[in-house]
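Observations on chain architecture
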Amino acid sequence: MKHRAAIAFFVTPFAALFALFYLIPIGYAIVQSLYKVERTGTFGPATEVFGGLAQYRRVFSDSPFWHSVERVLLFGVVQVPVMLGLALVLALILDSGLVRGKRFFRLAFFLPYAVPGVVAAIMWGYLYSPNLSPFTAVTANVDFLSADLVLWSIANVVTWVYVGYNMLIIYSALLAIPPEIYEAAKIDGAGQFRTAWSIKIPMVMPAIVLTTVFSIIGTLQLLAEPQVFRSFSSAVTSTYTPNMTVYATSSVPNFHLAAAFSVVLALATFVLSFSFLKFTQRRGVR
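A quick note: this is a predicted structure, and the numbers were derived from the prediction, not measured.

The rules we used
Residues numbered from 1 in each chain as written. Predicted model: local features only at pLDDT ≥ 70, side-chain atom pairs only at ≥ 80, totals over all residues. Heavy atoms only, no water. Helix = DSSP H or I, 4+ residues; strand = E, 2+ residues; numbered from the N terminus. Buried < 20%, exposed > 50% of the residue type's maximum accessible area, 1.4 Å probe, protein only. Contact = heavy atoms within 4.5 Å. Areas by Shrake-Rupley, 256 points an atom, 1.4 Å probe, with all protein chains shown as cover. Lys, Arg positive; Asp, Glu negative; His and termini not counted. Charge placed at Lys NZ, Arg CZ, Asp CG, Glu CD. 1 Å grid on protein atoms, 1.4 Å probe; cavity = no way out; pocket = protein on both sides within 12 Å on 5 of 7 lines; lining within 4 Å. Points joined across faces, edges and corners; volume = space filled by probe spheres on them. Nonpolar A, V, L, I, M, F, W, Y, C, P; charged D, E, K, R; others polar. Patch = residues over 30% accessible without salt bridge, like charges linked within 9 Å, V, L, I, M, F, W, Y side chains within 5 Å. Salt bridge = Lys/Arg side-chain N within 4 Å of Asp/Glu carboxyl O. Phe/Tyr/Trp six-rings, centres within 6.5 Å; stacked < 30°, edge-to-face > 60°. pLDDT = per-residue confidence, 0-100.

Once that is clear, we can look at the overall build of the protein. Across its full length, the protein carries 13 helices and two strands. When the backbone C-alpha atoms are referred to their principal axes, the protein occupies close to 85 × 70 × 35 Å. Among the 286 residues that make up the protein, the fraction classed as buried is 34%. For the protein, the share of sequence-separated contacts (at least 6 apart) that also reach a separation of at least 24 residues comes to 66%. Approximately 17,400 Å² of the protein is accessible, and the part contributed by carbon and sulfur atoms is 68%. Positive and negative side-chain charges in the protein, numbering 19 and 11 respectively, have mean positions lying 8 Å apart.

Shown next, in the form of structure tokens:
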């Protein structure tokens, strides 16, 4: 600790912004969730009073909210492994040495992530729509916007956007593996598949864990894609995902209940992410 002044100089800007745009809003949301609005009579003036845990009791008795949580959990259980599996395969292909034009394919795989989520959802919404899609032979027979399929149509959009982003993280981890390990594997007679299975995948497991945590957080924060799909499908309601429930509640407006929804959702996200990290750490120790 010989350079405390230098440490403080470099840390202070981050700490100030972190407190201003992260800690203070979280604290404000927690405070707001502890209040409620009361009226004197039917048309009396609205007054904010301390309600304690009244808003949280409403949250835990709100069945549409918990149905939306179940929906995104089902979404994550299917979509996240598919997305990360594709990202891993693409990263291994780029790192295999069998592909020419790596720069082109690396950019091509990553390019969908450069498309804003709202724009991607609008584009895919038109492709799914029976009356607007250029692929009418498919959409006339398969209703991608029906109540049974719309969740997986949204999952396809999210996968299309984020596969390249996760691929780049895993590919960067592959590039960090020392070449000497590959040379030793080659001397031992290991082929491309054996090297990928026994060396590459185990050594990039921290990157896979990192992308999984990001994906868990992103799944529970799902908002833009289903919000856009409301314009294309009546199956997507205002409470289709937890974040949509928060947005719809704040638009009523009922900011105190929306804040309680947000706090519970943030805690659920933390618990799931932390539990996954602890699980992977224990597996690593074993």
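What follows covers the side chain of T139. By the element assignment, T139 lies in helix α6 (residues 136-139). In this view, T139 contacts L127, Y128, S129, P130, S133 and F144; residues no more than four positions away in its chain are not counted.

Before going further, it helps to examine the layout of surface pockets. Estimates place the volume of the largest pocket at around 520 Å³. Looking at the largest pocket, it is lined by 17 residues, and the ones nearest its centre are Y22, I26, S262, L265 and A266. Elements with a contribution of two residues or more to the lining of the largest pocket: α1 (4-33), α12 (242-250) and α13 (255-285). Ranked by residues supplied to the lining of the largest pocket, first place goes to α13 with seven residues. The class makeup of the residues in the lining of the largest pocket is 13 nonpolar, four polar and no charged.

A few words now on the environment of L74. Counting through the fold element by element, L74 comes out in helix α3 (residues 63-95). L74 sits 145 residues away from T219 along the chain, and the two C-alpha atoms are 9.9 Å apart. Not counting residues within four places of it along the chain, the set of residues in contact with L74 comprises L151 and W152.

Our focus in this paragraph is a nonpolar patch on the surface. Nonpolar side chains collect at one region of the surface, where L74, V77, V78, V82, L86, F135, V138, V142, L149 and W152 lie side by side and expose about 820 Å² of accessible area between them. Element by element, the count of residues in the nonpolar patch is highest for α3, at five residues. Tracing the sequence through the fold places L86 in helix α3.

One pass over the structure, following the stated rule, counts 19 aromatic pairs. Ring geometry for F9 versus F10: centroids 5.3 Å apart, planes at 80°, classification edge-to-face. Each of the two residues, F9 as well as F10, counts as exposed. Between W124 and Y128, the ring centres sit 5.7 Å apart and the planes meet at 40°, which makes this aromatic pair tilted. Of this pair, W124 and Y128 are both found in helix α5 (residues 117-128), four residues apart, which corresponds to roughly one turn of the helix. Like Y128, W124 is buried.

Predicted coordinates in regions of low pLDDT should not be interpreted in detail. Overall, the prediction assigns the protein a mean pLDDT of 90, with 97% of residues at 70 or greater. Element-level pLDDT for the protein is lowest in strand β2 (residues 46-50), with a mean of 82, against a maximum mean of 95 in helix α7 (residues 150-175).

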